[in-house]
Amino acid sequence: MGRFEGRVVLVTGGSSGIGYATAKAFLEEGAKVAITGRNAVRLGRAETELGRLGTVVAIRGDVAKAEDAERMVAETVRKLGPLDVLVNNAGIYINKPVESFSEREYDEVMDINMKGTFLTTKFAIPAMVKRKRGAIVNVASDSGLVGTAGSSVYCASKGAMVLFTKAVALDHAKDGIRVNVICPGEVKTPMMEKDAAESGRGFEEYYQRVVAPIPMKRAATADEVARGILFLASDEASFMTGSALSVDGGSTAL
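Residues numbered from 1 in each chain as written. Predicted model: local features only at pLDDT ≥ 70, side-chain atom pairs only at ≥ 80, totals over all residues. Heavy atoms only, no water.

Asks: So what's going on with the pattern of salt bridges? Residues and values would help.
Replies: Where charged atoms from two side chains of opposite charge approach closely, those side chains can pair. Considering all chains together, one arrives at 16 salt bridges under this definition. The salt bridge involving Lys 174 is made with Asp 175; its shortest N-O contact spans 3.7 Å. Across the pair Arg 218 and Glu 224 runs a salt bridge, and its minimum N-O distance is 2.8 Å. (Salt bridge = Lys/Arg side-chain N within 4 Å of Asp/Glu carboxyl O.)

Now the structure itself:
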């Protein structure tokens, strides 16, 4: 405990799922945390709940808009202090074959998943360079490492995040900034519940179909992914940069 005592962390998409679990885990380790999101109600509720654990601020905005991304970083610094850790977690998932994708849906997936990661990184890096320290953890997916049927655009966005991570890590290794990416497989989150509802099946039936191909025969919890994120951001991973950490129950080992 206390691995992040006094450090400042920004978690995008921090109001639910993996982002919420990650913000909670950082707070429990002594960090001061800013969370972002587009949904004001959900963001406010998360701020209230997480605030019981420590210092947390909620910043509403869209990571895919440059002015919002810049403001998120600036507001975090203004309210909490110099940024030590950036977690690019905001993301969306649309499961459709390529011929069924609209241009609008393509833009939305690429904008939030990849462009959002680019923008927040762009605005966080300069101050980290000046301080000669910092850690960035991008949240991609096992679908950024291997193809997933019916998810071509999502795979493209997450695959782009993986190689973006490696390139930025090379650019800034000399500056004391470590940049890594975590690649979760199936995770039990509200997003999974939404996908189950849209499939027309009950959650348990949907869940069993999803986890059947996974060697460990279950999905991860958001807390399990959060622990991987904390490890990559911590001093325990001090010689890791440009790495892709799989947390997928063995799916990409097949």
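Asks: Give me the nonpolar core: which residues, what numbers.
Replies: Formed by 34 residues in total, the largest nonpolar core has its most connected members in Leu 83 and Leu 86. Those elements that provide at least two residues to this core are β1 (8-11), β3 (56-60), α3 (66-80), α4 (103-131), α5 (152-172) and β6 (177-184). The biggest single contributor to this core is α4, with 7 residues. Not counting the four nearest positions on each side in its chain, Leu 86 is found in contact with Leu 10, Thr 120, Thr 121, Ala 124, Met 128, Ala 135, Ile 136 and Val 137. With 32 residues, the next largest nonpolar core counts Ile 35, Ala 135, Val 139 and Ile 229 among its residues. (Core = buried A, V, L, I, M, F, W, Y, C linked by side-chain atoms within 4.5 Å. Buried < 20%, exposed > 50% of the residue type's maximum accessible area, 1.4 Å probe, protein only. Helix = DSSP H or I, 4+ residues; strand = E, 2+ residues; numbered from the N terminus. Contact = heavy atoms within 4.5 Å.)

Asks: An account of the sheet that holds β3 is requested, with residue identities and associated values reported.
Replies: Taken in spatial order, the 7 strands line up as β3-β2-β1-β4-β5-β6-β9 in an open sheet, and their pairing is parallel. The two strands at the open ends of the sheet, each matched to only one other strand, are β3 and β9 (244-247). Here the strands of the sheet are splayed against their neighbours by 20° on average, with no regard to which way each runs. Here α5 sits on the sheet in contact with β4 (85-88), β5 (134-139) and β6, set at roughly 160° to β6. Strand contacts of helix α8 (residues 222-233): β4, β5, β6 and β9, with the helix running at about 160° to β6, the strand carrying the most contacts. (Pairing = 2+ DSSP bridges. Axes fitted to C-alpha atoms, helices over the stretch in contact; angles between N-to-C directions.)

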